[in-house]
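# Coordinates in review
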Amino acid sequence: MDTPASGSSHAKIILIGEHSVVYHQPAIALPLPAVRENVTITLRKDNEQQLISRYYTGARHAGPQQLAGINHLIDELLTRFNAANVGFNLAINSHLPAERGMGSSAATAVAIIRALYRFFEQPLSHEQLLSDANISEKIIHGNPSGIDVATASASNPIWFVTGTQPSAIPFHLHGYLVVADSGIHGQTGLAVQAVAELRKHDLASADHAIKGLGQLTHAAKSALANDRLAELGVIFNRAQVLLRQLGVSHPRLETMINVANQNGALGAKLTGGGMGGCMICLAPDEATATRIRLALANEGVSQSWVQPLKSEETK
Ligand SMILES: C[C@@](O)(CCO)CC(=O)[O-]
């Protein structure tokens, strides 16, 4: 407790299966290790608990409503460690844009939990990490499947089914994944609610799309295992049609998807909750990935990332 402690995490990208995963279909997600979240905790001499972040700096309980989930999580851990009155500064250094489908709230929770357990010198199992991180995710997202937390704490691509342990997935794929930020805040909780509303009004067509996404996720698993990048691109395009039917796309994402596909992408779709947030697409080589990013930048996209997909690195 006398020495500062740190914890870190990273962004997540859902390759396929967002939304349908809430209805017990499988999903496939990847950690994006280049886009990181770091938390450092240092002891204070007084008993104040201060938060330092790019969105808010000050007493942690006096912060905006968006901090409710994180505060609840910290309260619960401090009570568990019998440390409710210990003073500390908790600094969050984040490279993840918030509310863009990259799992920023899950990454923050995972980094905070790792830092707090280290600070109070408590052992932390992977199961405990997942269960603790879902404390704040439930407050922020209402009914999360758990995929964001599972990917924020994973170092390899995962196959995820709600209520079961995430498993490693055979990953033999060569190509490039481009992730591009629409700049529009997409609220996962609202998007999940919108799909639930659609199911109330038109159960048959909503469940048809959800089942279709499940089938595409199984097809994607086989394409990933057998280095079939072009096939995975076609699967991305089909998934986007179904996500649009579920009402979770956005005109800006549709424009970006068209730009990517017109500039050599093998397929493109939204990722995460949608209604804003990020788009992902597949490129066969680095030159094409660069061309896509430049074309998106010409369309006003200010942030994009590229992740090489190499089976050696991600297995
Ligand atoms: C939209 C959703 O499927 C993914 C959010 O990253 C919601 C969830 O699984 O909790």
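These numbers were taken from a predicted model, which means no experiment stands behind them.

What counts as what
Residues numbered from 1 in each chain as written. Predicted model: local features only at pLDDT ≥ 70, side-chain atom pairs only at ≥ 80, totals over all residues. Heavy atoms only, no water. Helix = DSSP H or I, 4+ residues; strand = E, 2+ residues; numbered from the N terminus. Rg over C-alpha atoms; globule rule 2.2 N^0.38 Å. Buried < 20%, exposed > 50% of the residue type's maximum accessible area, 1.4 Å probe, protein only. Contact = heavy atoms within 4.5 Å. Areas by Shrake-Rupley, 256 points an atom, 1.4 Å probe, with all protein chains shown as cover. Lys, Arg positive; Asp, Glu negative; His and termini not counted. Charge placed at Lys NZ, Arg CZ, Asp CG, Glu CD. UniProt positions renumbered as here; feature names shortened; annotations may be inferred. Salt bridge = Lys/Arg side-chain N within 4 Å of Asp/Glu carboxyl O. Pairing = 2+ DSSP bridges. Axes fitted to C-alpha atoms, helices over the stretch in contact; angles between N-to-C directions. 1 Å grid on protein atoms, 1.4 Å probe; cavity = no way out; pocket = protein on both sides within 12 Å on 5 of 7 lines; lining within 4 Å. Points joined across faces, edges and corners; volume = space filled by probe spheres on them. Nonpolar A, V, L, I, M, F, W, Y, C, P; charged D, E, K, R; others polar. Domains from an automatic or database assignment. Phe/Tyr/Trp six-rings, centres within 6.5 Å; stacked < 30°, edge-to-face > 60°. Lys NZ or Arg CZ within 6 Å of the ring centre and 35° of its normal. Core = buried A, V, L, I, M, F, W, Y, C linked by side-chain atoms within 4.5 Å.

### Thoughts on the overall build of the chain
The helix and strand inventory of the chain stands at ten helices and eleven strands. Relative to the 2.2 N^0.38 estimate, which gives 20 Å for 315 residues, the radius of gyration of the chain is 20 Å and therefore close to what a compact globule would have. With respect to the three principal axes, the spread of C-alpha positions in the chain is 60 × 45 × 35 Å. Among the 315 residues that make up the chain, the fraction classed as buried is 55%. Excluding contacts between residues fewer than 6 apart, the proportion of contacts in the chain whose partners are at least 24 apart in sequence is 75%. Taken as a whole, the chain presents about 13300 Å² of accessible surface, with 51% of it coming from carbon and sulfur. A gap of 3 Å separates the mean positions of the 24 positive and 25 negative side-chain charges of the chain.

### Description of the UniProt feature "domain: GHMP kinase C-terminal" (unreviewed entry) in the chain
The sites that UniProt annotates as "domain: GHMP kinase C-terminal" (unreviewed entry) are residues 221–300. Helix makes up 59% of residues 221–300 and strand 14%. Its end C-alpha atoms lie 33 Å apart.

### Points about the pattern of salt bridges
Counting across every chain of the model gives eleven salt bridges. As a salt-bridge pair, Arg44 and Glu48 come within 3.7 Å of each other at their nearest N and O atoms. Under the relative-accessibility criterion, Arg44 is labelled partly exposed at 23%. Put simply, Arg199 and Asp207 hold a salt bridge, and the shortest N to O gap is 2.8 Å. Residue Asp207 is classed as partly exposed on the basis of its relative accessible area, which comes to 27%. The structure contains a network of salt bridges with shared partners spanning Arg44, Asp46 and Glu48.

### Overview of the UniProt feature "domain: GHMP kinase N-terminal" (unreviewed entry) in the chain
Under the local residue numbering, the UniProt record ascribes the feature "domain: GHMP kinase N-terminal" (unreviewed entry) to residues 76–152. Secondary structure over residues 76–152 splits into 56% helix and 9% strand, and the C-alpha atoms at its two ends are 20 Å apart.

### As for the sheet that holds strand β10 (residues 278–283)
Pairing is antiparallel in the open sheet, where four strands are placed in the order β9-β10-β8-β11. Unpaired on one side and paired on the other, β9 (267–271) and β11 (303–309) mark the two borders of the sheet. The average undirected angle you get between the axes of adjacent strands in this sheet is 20 degrees. Pairing geometry for strand β8 (residues 175–181) and β10, over six bridges, is antiparallel. Each residue of the ladder has a partner; that of Ala180, found in β10, is Met279.

### Structural notes on empty space enclosed by the protein
Inspection of the entire model under this criterion finds one cavity of 30 Å³ or more. There is about 210 Å³ of room inside the largest cavity. If you list the elements that add at least two residues to the lining of the largest cavity, you get β1 (5–16), α3 (126–141), α4 (147–152) and α5 (188–201). When the residues that make up the lining of the largest cavity are grouped by side-chain class, the tally is seven nonpolar, nine polar and four charged. When we break the lining of the largest cavity down by domain, the ones giving at least three residues each are domain 1 (5–168) and domain 2 (176–308).

### Observations regarding the packing of aromatic side chains
The final tally for this structure, using the stated rule, is four aromatic pairs. On the numbers, 5.5 Å between centres and 45 degrees between planes, the contact of Phe81 with Phe120 is tilted. Residue Phe81 is located in the loop between α1 (68–80) and β5 (88–94), and its partner Phe120 is located in the loop between α2 (104–119) and α3; the two are separated by 39 residues in the primary sequence. Overall, Phe120 belongs to the buried group, its relative accessible area being 10%. Relative to Phe119, the ring of Phe88 lies with its centre 6.5 Å away and its plane at 70 degrees, an arrangement referred to as edge-to-face. Taken together, the residues Phe88 in strand β5 and Phe119 in helix α2 connect sequence positions 31 residues apart. As far as the burial class goes, Phe88 and Phe119 line up, both buried. Put simply, the rings of Phe81, Phe88, Tyr117, Phe119 and Phe120 touch in pairs and so form one group of aromatic residues. Over the aromatic face of Trp159 sits the side chain of Lys221, whose NZ or CZ is 4.3 Å from the ring centroid.

### Topic: the nonpolar core
With 60 residues, the main nonpolar core has Met102, Leu177, Val179 and Met279 as its most contacted residues. The leading source of residues in this core is helix α6 (residues 203–225), at eight residues. In this structure, Leu77, Phe88, Leu129 and Val149 belong to the second largest nonpolar core, which totals 34 residues.

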